[in-house]
Amino acid sequence: MEGGFTGGDEYQKHFLPRDYLATYYSFDGSPSPEAEILKFNLECLHKTFGPGGLQGDTLIDIGSGPTIYQVLAACESFRDITLSDFTDRNREELEKWLKKEPGAYDWTPVVKFACELEGNSGRWEEKEEKLRAAVKRVLKCDVHLGNPLAPAVLPPADCVLTLLAMECACCSLDAYRTALCNLASLLKPCGHLVTTVTLQISSYMVGKREFSCVALEKEEVEQAVLDAGFDIEQLLQNPQSYSVTNAASSGVCFIVARKKPRP
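Residues numbered from 1 in each chain as written. Predicted model: local features only at pLDDT ≥ 70, side-chain atom pairs only at ≥ 80, totals over all residues. Heavy atoms only, no water.

Looking up the chain in an unreviewed UniProt entry gives the name Indolethylamine N-methyltransferase isoform 1, with the organism given as Macaca mulatta.

Below you can see the structure in the form of structure tokens.
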């Protein structure tokens, strides 16, 4: 990319939530790679947090962006959810939806699909209210900090969730590995990390602006998770690639990993 890796300042100035949502989260029933990847993530999250799946008191979502789909399943099994993002605009977009403000993004089709997976698409309004009640705070985050939520300090969580964010925030494999260790510090021993990573992607488009990513191989992601002190319990790869990323992408990788207990 021209000008080097897209850093935090560029995100703060130029990342427009509505352009991002229009590109990746239009869920109107028409087939698209973006819709297929969203369905894949929702299905994986349903299996992960649904009956017999992960549960606990506290969940922290790192790099939420302007989206809430990633915690639709988790709000059934976690009573205290933290959303977080680096940019002010994304956090403002989240607050708009949480407070039901005029002009908030309409997640109804996505919420209905999530409810369908749970066997009752008719309870979508109840689901939205349940999620709003479960989200206790929206914080700034920076995965490059030892405490990614600084200056806020939260008790160690039962689960950390991060979808499609780490590869965009990290400029190298080393930075990604360090950031995973930072996320691990937010977890209780035996807590879980749930993550989706886009593989072999060097950039993506938001509106007319290009943002860079670190191009990661599945094996590199897997090893980084292990080296950050986790045991991998589940790893699924979907070969579907986004339509507005570089052609080399080999799809997305969904991982559930358990933090090792202290020796």
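There's plenty left to go through after this.
Visitor: Looking at this structure, how should I read the state of the cysteines?
Guide: Scanning all chains against the criterion turns up zero disulfides. Summary of cysteine pairing: Cys115 is not part of a disulfide, and the nearest cysteine sulfur, belonging to Cys75, is at 8.6 Å. We note that Cys170 lacks a disulfide partner, and the nearest cysteine sulfur, in Cys171, lies 7.4 Å from it. Since its relative accessible area comes to 0%, Cys170 is described here as buried. (Disulfide = S-S within 2.5 Å. Buried < 20%, exposed > 50% of the residue type's maximum accessible area, 1.4 Å probe, protein only.)

Visitor: Would you mind going over the UniProt feature "binding site: S-adenosyl-L-methionine" (unreviewed entry) in the chain with me for this structure?
Guide: This chain's UniProt record puts "binding site: S-adenosyl-L-methionine" (unreviewed entry) on Tyr20, Tyr25, Gly63, Ser64, Tyr69, Asp85, Asn90, Asp142 and Val143. These annotated residues cover 124 residues of sequence, and their C-alpha atoms reach 23.8 Å apart at the extreme, placing them across more than a single site. Apart from residues no more than four positions distant in its own chain, Ser64 is found in contact with Gln70, Leu83, Ser84, Asp85 and Leu94. Relative to the helices and strands, Asn90 resides in helix H4 (residues 88-98). Beyond its immediate sequence surroundings of up to four residues, Asn90 is in contact with Phe15, Pro17, Gly65, Pro66 and Asp85. There is a polar contact of 2.9 Å between the side chain of Asn90 and the side chain of Asp85. (UniProt positions renumbered as here; feature names shortened; annotations may be inferred. Contact = heavy atoms within 4.5 Å. Helix = DSSP H or I, 4+ residues; strand = E, 2+ residues; numbered from the N terminus. Polar contact = N/O pair within 3.5 Å; in protein donor to acceptor, adjacent residues only side chain to side chain.)

Visitor: I tried to follow the packing of aromatic side chains on my own but got confused; where do I start?
Guide: Scanning all chains against the criterion turns up 15 aromatic pairs. Taking 4.7 Å as the distance between ring centres and 40° as the angle between the ring planes, the aromatic pair formed by Tyr11 and Phe211 counts as tilted. Separated by 200 residues along the polypeptide, Tyr11 in helix H1 (residues 8-14) and Phe211 in strand E7 (residues 209-212) bring together distant segments of the chain. Here Tyr11 matches Phe211 in class, with each residue buried. Ring geometry for Tyr25 and Tyr69: centres 5.1 Å apart, planes at 35°, overall tilted. (Phe/Tyr/Trp six-rings, centres within 6.5 Å; stacked < 30°, edge-to-face > 60°.)

Visitor: For this particular structure, what's the right way to read the pairing of strand E4 (residues 157-163)?
Guide: Residues in a regular strand project their side chains so that they alternate between the two faces of the sheet. Burial of E4 is extensive: seven of the seven residues sit out of reach of the surface. Two strands pair when backbone bridges link them, and strand E1 (residues 56-61) and E4 are joined in this way by three bridges, in the parallel orientation. Looking across to E4, one finds that Ile60 is bridged to Val160. With six bridges joining them, E4 and strand E5 (residues 187-198) adopt parallel strand pairing. (Pairing = 2+ DSSP bridges.)

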